[in-house]
Amino acid sequence: MPEAISALSATELRVAYRSGTLSVREVAAACLKQTERLDPRIKAFLHIDPAAVLSRAVKLDERRAELIDSPLYGIPVALKDNISTAGTPTTCGSHILEGYIPIYDAGVVEGLERNGALPFGKTNLDEFAMGSSTENSAYGPTRNPWDTTRVPGGSSGGSAAAVSARMVPIALGSDTGGSIRQPAALTGVIGLKCTYGLISRYGLVAYASSLDQIGPIARSVEDIALTLEAIAFNDPRDSTSLSDPRGGRYLNALDRPVTGLRAGLPAEFFGEGIDPKMRTSVLEAVKTLEKLGIKVEECSLPSLRHSLPAYYILAPAEASSNLARFDGIRYGPSADVPDIIEQYSATRGSGFGAETQRRILLGTFVLSSGYYDAYYLKAMKVRRLIRNELQKAFEKYDFLISPTTPDTAFRFGEKTADPLQMYLSDICTIGANLAGIPALSIPCGLIEGLPAGMQLWGPHFGERTLLGVAKSYLDASGCNGLRPQILKDGQL
Amino acid sequence: MTEYELVVGIEIHAQLLTKSKLFCACPNRFGDRPNANTCPVCLAHPGVLPVVNRAAIEKLVKAGLALNCKVNEISRFARKNYFYPDLPKGYQISQYEMPVCTDGRLDVTDSDGKQRTIRIRRIHIEEDAGKLLHEGVRSGSLVDLNRAGTPLMEIVTEPDFRSVDEVYDFLTQLRRILRYLKVCDGNMEEGSMRCEPNISIRPRGTEALGVKVELKNINSFKAARRGIEYEVIRQTLMLDRGEKLRQETRGWDENKEESFLMRVKEDAHDYRYFPDPDLPPLKLDSAWIEEIRKTTEELPRPRKERIIKEYGLNEADADVLCSEFAIIDYFETAARKAGDGKLTANWVMGEVLRAVKAGGTIESFPVRPDRLAELVKLIRTGRISSTIAKKVFELMLTSPNSPEAIVEAEGLGIVSDEKAIAEAVALIISENPEQVRQFLEGKDKVMGFLVGQGMKKMKGKADPAILNRLMKEAVEKSRA
Amino acid sequence: MFDIQKIAKLARLNLKPETESELSTQVKNILGYVEALQAVDTSTVEGYGLSDASPHFRPDEPVERGDPELRVRISARTQGDLFFVPKVIGEGDA
């Protein structure tokens, strides 16, 4: 039964490797088998090379003695397809990078390989990580393992679905406005967006540079901590990269007592725009936290209301500039026309999908002459306001609690007609990106058979607190390892 | 007819002499195979990020300090967005609102000797673009990105120039300063220093600025002069004819010696500048600035004053030596080793510069300063005469050997052997009875002739002191 | 105001004629939505830089990159060691 192996967490696999009951090759084969079985329906992966995965697995078995103590030895890790992998296609879910094969590895890929991980395929995403459903992928959407008529969320929908469907124990995603946490919540797994700078962005194809962060998606908090051990390092190639002043040691943080911690419940995330059932679900979880000895009280963060509009100025502005390099000259498909301006416009006009074009247009406009101050500069100031307000809240609270999403997974096409409706999916998650703080989404139960996610927000470099709370909560609540419908289907 | 006054401000782009590019470690070097000096970063592959070259910042600060600028403790990188095939990212990383240096100045001298201060508005750092090649390509252009991402500094002056001579003096001084600091080689012909004047005219005595023209494609000091002069005439004629001037960018055609329209202001691009989110603000704390100040090379003016004092030179000699940092560097290295500033100076200004002028540069001159110093030492210690030294110097131009070895091999050393000199003296006296008689009758000057003849006989190698003494003794003896 | 043709030209994007007006409406709607920010009082906000960190610096040590062919051949249109583009007329920093 391949699923029995592929459903193991990284932490469990480590035990099996130590005791010698499993080889990396067996694990790789099991994960490939599970993928082969389920991915035709889920479509989590854009690219996977089974032969390459197996041969790498064999090499890792050979290097067992050298790497066995590494945090991710022999652990299959799927990568969102906006993370550069030398020799393996990296499309960003876009036609404009069709056929592009990078010549260099991202910082996180080096971190994974240094720590013995087994890179396992590239996962689907909304084009250039712009979206909340993976419906914006040029290569077709990913389906939610809980209900294949519904979206898995996005933009890291492929990564979340692959973890949820037990194809891999861990996947990396990227989060610019909620793109790790929202799909994690919608597929019943755990997703962490770290403090801005904790994980190298070198090799992450930029959407909005000041907001983007790579992060792990997994089914257990231990696995999240293990991944951080491997990929959180100060990378000299990323000028915005930072060292964790607390020096890492994320695994140790899981055993920290949570009794006596103080948590805030910002009223803004429990009112209008949030489905009442979602509110109830999160408030139930809060009761569990209280039982664990955490002091929870209501608070207010009025500036957070401006997160979404600030985001939809800043992110498109940066995107319009970040995506200027896709011109078909040095890589990627190129329109064959005799005029240079036409070559640019035709290549980009046919290479980018609708949402990407929308954001490029929006971003180009807000930066253009005469509008910069009113839009960009104003949004930057509002961003500062939000950051200040959150910083102040963390003088009083060790962490904050909110839902991760306003609602559970929605159906395909439900929000594609009106971009603004889609944008509202990120209403609970964007604030953490604007403030550069960590936020973790963990499952907190099911609503009508679909997973609900609770989001824990921490101060800068507060990852350890969040991981500790999450661990205690999941152990106490029984929300560990929720199994999606498709796995049950498979057993029929 | 209205008399017009010239108003000019200039923008200078200078390539910084770093070993690697501004945001990646590719070599900052030209003349290589196309695209040899490129990597994912300067090719703008998806996902790459810039990391600032520390030396580029330090060179910029050196220039800023030399131009009396305020060095800002915090400055920012900004993106200048436009599409062009030589610009891989689709934006240039530059600085906009907060440059590294602001509020500088440099004094210039007009042709009539009047001094005026030119204010420098700002100096900022940015990356250069690649190169497009059009020749031999029928339907397109080719892109070489070896230059893409190399460091440039842009110096912007206020519109303070009132004459072409002031511009010329400014550029000359600036070039010299940048070369002294080893910040830029200042080669306008090769484009390592590019100058774009903003030129306008206004009725003399009025304050308001006229309509400016930005002039591009200036590839030499001469072109800067001609281009500005041309614009003054063109603009004056237009105004005299009652035509209106347009704000526009024009190019200078060096062959035709005229400017041509490139674009009018309405077509100006919308660069959509914004702070680069990939680069946090650049912090230059006072300790770092102080460290840079301490390691900054000596500037032309203080250096001249020092060498006058240190080597006992006069003002005129110092001017010649300080005209180029390569010359003064050459001189000082040689003078220190030779232990004689004055003598070394005479040799550098004389034989060395004469030989360099005949072809080549002082940097590639075959007689390196240490070999010149050895030659000067041979003269100082009396091993060879100045006349012989010139011969040795000639030989050094084609031989890698030390002057000592050349003297040895060619037998050019001074002859102090009294017997050999006495033989020569005896010969001279017997060949010149008339001159000997004149001397004995009291014509002292004739002694010089006799000694000269003796030296000639000895092929210039006789020890002059011994020759003098022996000649005198011999002549006196013939009196008896 | 938002002029889709002008902005699309600036962004070098050929839009599909059949979707252009819908796209324009959508962008205008989003601009209407973010307009809410104008009402936010930001008079007390000092600066807007986010990071208090300094950028990383690199020592000035060049690294030779070797054969350019490996980097050039991933392009769709090349000539020898060079990238090929349709005829470019005019200046760069245009």
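Structure shown above.
About the thresholds
Residues numbered from 1 in each chain as written. Chains lettered and ligands numbered in written order. Predicted model: local features only at pLDDT ≥ 70, side-chain atom pairs only at ≥ 80, totals over all residues. Heavy atoms only, no water. Helix = DSSP H or I, 4+ residues; strand = E, 2+ residues; numbered from the N terminus. Buried < 20%, exposed > 50% of the residue type's maximum accessible area, 1.4 Å probe, protein only. Areas by Shrake-Rupley, 256 points an atom, 1.4 Å probe, with all protein chains shown as cover. Salt bridge = Lys/Arg side-chain N within 4 Å of Asp/Glu carboxyl O. Pairing = 2+ DSSP bridges. Contact = heavy atoms within 4.5 Å. Polar contact = N/O pair within 3.5 Å; in protein donor to acceptor, adjacent residues only side chain to side chain. Nonpolar A, V, L, I, M, F, W, Y, C, P; charged D, E, K, R; others polar. Axes fitted to C-alpha atoms, helices over the stretch in contact; angles between N-to-C directions. Arc of directions from axis to C-beta. Buried area = accessible area lost by both parts, 1.4 Å probe. 1 Å grid on protein atoms, 1.4 Å probe; cavity = no way out; pocket = protein on both sides within 12 Å on 5 of 7 lines; lining within 4 Å. Points joined across faces, edges and corners; volume = space filled by probe spheres on them.

K.L.:
Sorry if this is basic, but what is going on with the overall build of chain C here?
P.N.:
When you go through chain C residue by residue, the secondary structure sums to three helices and three strands. For chain C, the N- to C-terminal ordering of α and β elements is α-α-β-α-β-β. Scored against the burial criterion, the 94 residues of chain C give a buried share of 46%. Surface exposure of chain C reaches about 5,100 Å², of which carbon and sulfur atoms provide 52%.

K.L.:
Looking at this model, I keep getting lost on the pattern of salt bridges. Mind explaining?
P.N.:
Close approach of charged atoms allows side chains with opposite charge to pair. All names here are of chain B. Scanning the entire structure with this criterion turns up 73 salt bridges over all chains. The partner of D128 in a salt bridge is R147, with the nearest N and O atoms 3.4 Å apart. Residue D128 is found in the loop between β8 (115-127) and β9 (131-133), and its partner R147 is found in the loop between β10 (140-144) and β11 (151-157); the two are separated by 19 residues along the sequence. With respect to burial, D128 and R147 carry one shared label: buried. Via salt bridges that share partners, K182, E298, R303, R306, E310, D329, E332 and R336 belong to a single interconnected network.

K.L.:
Sorry, what's going on with the pairing of β10 of chain B here?
P.N.:
Look at any regular strand and the pattern is simple: side chains alternate between the two faces of the sheet. Of all five residues that make up β10 of chain B, five are buried, and the element is covered over most of its length. One ladder, built from three bridges, connects β9 of chain B with β10 of chain B; its direction is antiparallel. Looking at β10 of chain B, one finds that L132 of chain B is bridged to V143 of chain B. What sits between the antiparallel neighbours β9 of chain B and β10 of chain B is a turn of six residues, in which G136 of chain B has the positive phi angle 70°. By the bridge criterion, four bridges tie β10 of chain B to strand β3 (residues 82-86) of chain C in an arrangement that is antiparallel. Residue V143 of chain B lies in a different strand from β3 of chain C, and its bridge partner there is F83 of chain C.

K.L.:
Quick question: what am I supposed to make of the sheet that holds strand β5 (residues 78-81) of chain B here?
P.N.:
By way of backbone hydrogen bonds, the strands of a sheet pair with one another, either parallel or antiparallel. All names here are of chain B. If you trace the three strands from one edge of the open sheet to the other, you get β6-β5-β16, paired in antiparallel fashion. At either margin of the open sheet sits one strand with a lone partner, and together these are β6 (91-94) and β16 (274-275). In this structure, β5 lies alongside β6, joined through four bridges in antiparallel fashion. By the bridge assignment, N81 is partnered in β6 with Y91.

K.L.:
In this structure, what is going on with the interface of chain C and chain A? I would like to understand it.
P.N.:
How big an interface is tends to be stated in terms of the accessible area lost upon association of its parts. Across the boundary between the two partners, chain C contributes 48 residues, which contact 66 residues of chain A. One can count one salt bridge joining chain C with chain A. At the boundary of chain C and chain A, one finds 16 residue pairs in polar contact (both at pLDDT 80 or more). Taken together, the elements giving at least two residues each to the side of chain C that touches chain A come down to α1 (4-10), α2 (17-34), α3 (69-72) and β3 of chain C. The element contributing the most residues to the side of chain C that touches chain A is α2 of chain C, with eight residues. Looking at the side of chain C that touches chain A, its residues break down into 29 nonpolar, 11 polar and eight charged.

K.L.:
Looking at this structure, I do not really get the sheet that holds strand β1 (residues 45-47) of chain A. What am I missing?
P.N.:
All names here are of chain A. One open sheet holds the 11 strands; their spatial order is β1-β3-β2-β4-β6-β5-β10-β11-β9-β7-β8, and the pairing between them is mixed. A single partner strand is all that each edge strand has here, and the edge strands are β1 and β8 (295-299). Each adjacent strand pair in this sheet contributes to an overall mean axis angle of 35°, direction not counted. Two elements, strand β2 (residues 76-80) and strand β3 (residues 118-123), share four bridges in a ladder whose sense is parallel. Within the sheet, the bridge partner assigned to V77 lies in β3 and is P119. Its contacts with the sheet put helix α15 (residues 373-396) on β7 (262-266), β8, β9 (399-403) and β11 (450-457), and the angle it makes with β9 is roughly 115°.

K.L.:
It is not clear to me how helix α6 (residues 315-322) of chain B should be interpreted in this structure. Could you clarify?
P.N.:
Given 3.6 residues per helical turn, the α-helix brings residues three or four places apart onto the same face. Of the positions making up α6 of chain B, those classed as buried are D317, A318, L321 and C322 of chain B. For α6 of chain B, the arc enclosing every buried residue in end-on projection is 125°, short of the 170-degree limit, so these residues lie on one face.

K.L.:
Any chance you could explain unusual backbone geometry here in plain terms?
P.N.:
Leaving glycine out, the prevailing phi sign among residues is negative, and the prevailing peptide bond configuration is trans. All names here are of chain A. A cis amide bond links G154 with the next residue in sequence, S155, at an omega value of 10°. The residue K43 is not glycine, and still its phi comes out positive at about 60°. Relative to the helices and strands, K43 resides in the loop between α3 (24-42) and β1. Overall, K43 belongs to the partly exposed group, its relative accessible area being 40%. Phi is positive for T134, which is not a glycine, with a value near 65°. Tracing the chain through its elements places T134 in the loop between β3 and α7 (157-164). Residue classification places T134 among the buried positions, given a relative accessible area of 0%.

K.L.:
What should I look at first to understand the interface of chain C and chain B in this one?
P.N.:
Each partner contributes residues to the interface: chain C has 40 residues there, and chain B has 59 residues. Of all residues in chain C, F57, R58 and D60 of chain C give up the largest surface area on contact with chain B, accounting jointly for 18% of the area buried on that side. Counting the contacts that link chain C with chain B gives three salt bridges. Inspection of the region where chain C meets chain B yields 21 residue pairs in polar contact (both at pLDDT 80 or more). Looking at the side of chain C that touches chain B, the elements that each hand over two or more residues are β1 (57-58), α3 and β3 of chain C. A total of five residues in the side of chain C that touches chain B trace back to one element, the largest contributor, which is β3 of chain C. Class assignment of the residues belonging to the side of chain C that touches chain B gives a composition of 19 nonpolar, eight polar and 13 charged.

K.L.:
Got a minute to help me understand empty space enclosed by the protein in this structure?
P.N.:
To find the voids left in a structure, one rolls a probe of water-molecule size over its atoms. The tally for this structure, following the rule as stated, stands at nine cavities of 30 Å³ or more. Put simply, the largest cavity is a space of about 100 Å³. Lining the largest cavity are 13 residues, and of these F23, V41, P50, K89 and E127 of chain B sit closest to its centre. Here the residues of the lining of the largest cavity are counted per class, giving nine nonpolar, one polar and three charged. Within this model, the second largest cavity holds a volume of roughly 60 Å³. As for the second largest cavity, its lining consists of 13 residues, of which A206, N322 and R325 of chain A together with G47 and V48 of chain B are closest to the centre. Residue composition of the lining of the second largest cavity, grouped by class: eight nonpolar, two polar and three charged.

These figures capture arrangement, not role.
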